Amino acid sequence: MMKQQDYKDELAAVRRCLDAYGGDIARWPASARERWGELVRHEGVGDDRADADAIDALLSAATAPQTPHDLKNRIEAGYRPPSDKSGDFLTGLSVLSGWLKPLPAGALASLTALGFVVAAVTGGDTTLPPEYEAFAYLEESGFAVLDDEAGALWDAE
Amino acid sequence: MARERESDEALVARAGRGDRGAASILVERHTDKIYAVCFRMLRSKPAAEDAAQETFLRLWKNASKWRPQGAKFQTWLYRVAMNICLDQLRKGKREAPEEAAPEQVDNGPRQDDQLLAVERRRAIDEALEALPDRQRAAISLCHFQEMSNIEAAKIMEVSVDALESLLARGRRALRDRLAPVHENLRGRMSDDETAGL
């Protein structure tokens with residue numbers, strides 16, 4: 001036989017479920033449904049259930065959003081296949097070689113020397129400018145990046 | 001046919017490799033749900049459309065880096081959408097909530113009932129809009145999107161207990177705000193029952 005206190009605790013648990021999930025026990029978590037589903041008809045929680053049912057009915061009467069007919073097309077149009085990085089690099093190289101081809105050997109040698117001078121002056125300074133450092137996280141695993149995108153923006157209430 | 005049953009995670013991987021067909025299936029599967037949750041949060045069609053589009057843009061941007069570790073894809077997508085909405089609400093970008101389009105009311109004997117239904121719907125929409133953002137989010141996910149408490153809690157990055165508290169507080173706030181409509185509803189239910197006897 002269930003002790004009086006246990007019984008009160010069980011009814012209190014049913015009230016908590018009615019408060020949070022409403023009067024339709026199909027919406028309750030499976031464990032709560034299994035444990036307290038039958039108690040939902042107990043007269044001790046009758047008022048709570050009536051309230052919960054009424055709020056469910058009100059929520060069901062709220063305006064139902066209708067997806068605009070062209071939204072899916074617009075979203076699909078926003079899809080861009082990822083660019084092929086190696087392809088971009090090779091394309092860049094071929095463009096660069098096209099530019100350099102007409103130059104005489106002396107000019108090429110001068111450009112190379114200029115490159116060494118620039119490297120010597122700025123050598124060792126490998127710090128990324130701040131606007132690029134923000135992308136350093138891309139080195140991390142993919143899901144971490146996605147989680148960062150989702151962000152934790154909830155306010156403490 | 002086989003593609004329709006393909007998991008979201010596999011589709012994201014394919015979309016990340018440039019498969020437009022996989023992206024198309026993801027759009028077909030998730031747009032309605034994402035738009036619905038954005039609309040319920042922002043209460044404005046243009047703002048909800050923008051938020052839904054932004055959600056998918058972030059998906060396309062990250063699809064090639066997708067690694068199916070931990071959370072389900074759908075949980076992540078909803079979390080992105082929800083955070084975009086909250087960000088908009090926080091920045092005050094939300095446009096004025098839309099006035100519901102005037103509903104056609106017949107001039108028949110049930111005209112009063114129809115007017116009552118229109119007024120009730122408006123009152124409910126306003127009460128939902130007046131809820132604190134997190135309470136509205138919890139009710140949107142659990143009641144309207146019919147998500148499990150565990151998945152909704154993951155999306156909102158709170159514990160299940162905290163989610164239940166948000167739900168209960170939200171529903172109580174709705175009940176208090178809608179008390180006149182609430183009583184009316186009960187009255188109508190009683191009348192109907194009486195009529196049936």
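Keep in mind that what you see is a predicted model, and the values were worked out from it rather than measured.

Before going further, it helps to examine the overall build of chain A. A count of helices and strands for chain A gives eight helices and zero strands. Traced from its N-terminal end to its C-terminal end, chain A shows the element sequence α-α-α-α-α-α-α-α. Looking at the 157 residues of chain A, the share that counts as buried comes to 25%. When contacts within chain A are restricted to residue pairs at least 6 apart in sequence, long-range pairs at least 24 apart make up 44% of them. For chain A, the exposed surface amounts to about 10,600 Å²; the carbon and sulfur share of it is 58%.

Think of interface size as the accessible area that goes away when the parts come together; that is how it is often given. Chain A puts 51 residues into the contact, and the matching count from chain B is 71 residues. Carbon and sulfur atoms make up 59% of the area that chain A and chain B hide from each other, which totals about 5,500 Å². Where chain A packs against chain B, one counts seven salt bridges. With its nearest N and O atoms 2.7 Å apart, the salt bridge here joins Arg74(A) to Glu49(B). Breaking the side of chain A that touches chain B down by element, the ones donating at least two residues are helix H1 (4–21), helix H3 (46–60), helix H4 (71–77) and helix H8 (142–150) of chain A. Tallied by class, residues from the side of chain A that touches chain B come to 29 nonpolar, ten polar and twelve charged.

According to the stated counting rule, one finds four aromatic pairs over all chains in the structure shown. Summarising the aromatic geometry, the rings of Tyr79(A) and Trp60(B) are spaced 5.0 Å apart at their centres and angled 85° between planes, so their arrangement reads as edge-to-face. Taken as a pair, Tyr79(A) in the loop between H4 and helix H5 (85–100) and Trp60(B) in helix H3 (residues 45–62) lie in two separate chains rather than in one. Here Tyr79(A) and Trp60(B) have matching classes, each one buried. Between the aromatic rings of Phe56(B) and Trp60(B), the centroid separation amounts to 5.8 Å while the plane-to-plane angle is 45°, which identifies the pairing as tilted.

Residue and element names in this part refer to chain A. Inspection of the entire model under this criterion finds 21 salt bridges over all chains. Salt-bridge contacts for Glu10 lead to Arg35; the nearest nitrogen and oxygen are separated by 3.8 Å. Here Glu10 is found in helix H1, whereas its partner Arg35 is found in helix H2 (residues 30–36), with 25 residues between them in sequence. Residue classification places Arg35 among the exposed residues on the basis of a relative accessible area of 56%. One salt bridge in this structure joins Arg74 and Asp70, with 3.1 Å as the shortest N-O distance. Using a relative accessible area of 28% as the deciding quantity, one classes Asp70 as partly exposed.

What follows deals with the packing of helix H6 (residues 133–144) of chain B against helix H8 (residues 160–177) of chain B. Residue and element names in this part refer to chain B. Running from amino to carboxyl end, H6 crosses H8 at an angle of 100°, the nearest separation of the two axes being 8 Å. If you check the angle between H6 and H8, you find them roughly perpendicular. Between H6, through Arg134, Gln135, Ala138, Ile139, Cys142 and His143, and H8, the contact on the second element is made entirely by Leu163, Leu166, Leu167, Arg169, Gly170, Arg171, Ala173 and Leu174. For the contact of H6 with H8, the class distribution of residues is eight nonpolar, three polar and three charged.

Our focus in this paragraph is the packing of H3(A) against H8(B). The contact between H3(A) and H8(B) brings their axes to 10 Å, and the two run at 80°. Viewed along their axes, H3(A) and H8(B) adopt a mutual orientation that is roughly perpendicular. Along the contact surface, H3(A) presents Asp51(A), Ala52(A), Ile55(A), Asp56(A) and Leu59(A), while H8(B) presents Arg171(B), Leu174(B) and Arg175(B). Partitioned by chemical class, the residues of the contact of H3(A) with H8(B) number four nonpolar, no polar and four charged.

The next point concerns the domain arrangement of chain B. Residue and element names in this part refer to chain B. Looking at chain B, the domain boundaries give domain 1 (3–91) and domain 2 (111–194). Listed by partner, the interface residues are 15 residues for domain 1 and 14 residues for domain 2. Together domain 1 and domain 2 conceal approximately 1,400 Å² of surface at their shared face, both sides included; 59% is due to carbon and sulfur atoms. Broken down residue by residue, the surface that domain 1 buries against domain 2 is led by Arg40, Arg43 and Arg79, which jointly contribute 40%. Here domain 1 is connected to domain 2 by three salt bridges.

This part covers the nonpolar core. Among the nonpolar cores identified, the biggest contains 77 residues, and Trp28(A), Leu59(B), Trp60(B), Leu141(B) and Leu163(B) are the most heavily contacted of them. Residue-level mapping places this core at the junction of two domains, with at least three residues from each of domain 1 (3–91) and domain 2 (111–194) of chain B.

Rules used throughout
Residues numbered from 1 in each chain as written. Chains lettered and ligands numbered in written order. Predicted model: local features only at pLDDT ≥ 70, side-chain atom pairs only at ≥ 80, totals over all residues. Heavy atoms only, no water. Helix = DSSP H or I, 4+ residues; strand = E, 2+ residues; numbered from the N terminus. Buried < 20%, exposed > 50% of the residue type's maximum accessible area, 1.4 Å probe, protein only. Contact = heavy atoms within 4.5 Å. Areas by Shrake-Rupley, 256 points an atom, 1.4 Å probe, with all protein chains shown as cover. Buried area = accessible area lost by both parts, 1.4 Å probe. Salt bridge = Lys/Arg side-chain N within 4 Å of Asp/Glu carboxyl O. Nonpolar A, V, L, I, M, F, W, Y, C, P; charged D, E, K, R; others polar. Phe/Tyr/Trp six-rings, centres within 6.5 Å; stacked < 30°, edge-to-face > 60°. Axes fitted to C-alpha atoms, helices over the stretch in contact; angles between N-to-C directions. Parallel < 35°, antiparallel > 145°, perpendicular 65-115°, else oblique. Domains from an automatic or database assignment. Core = buried A, V, L, I, M, F, W, Y, C linked by side-chain atoms within 4.5 Å.

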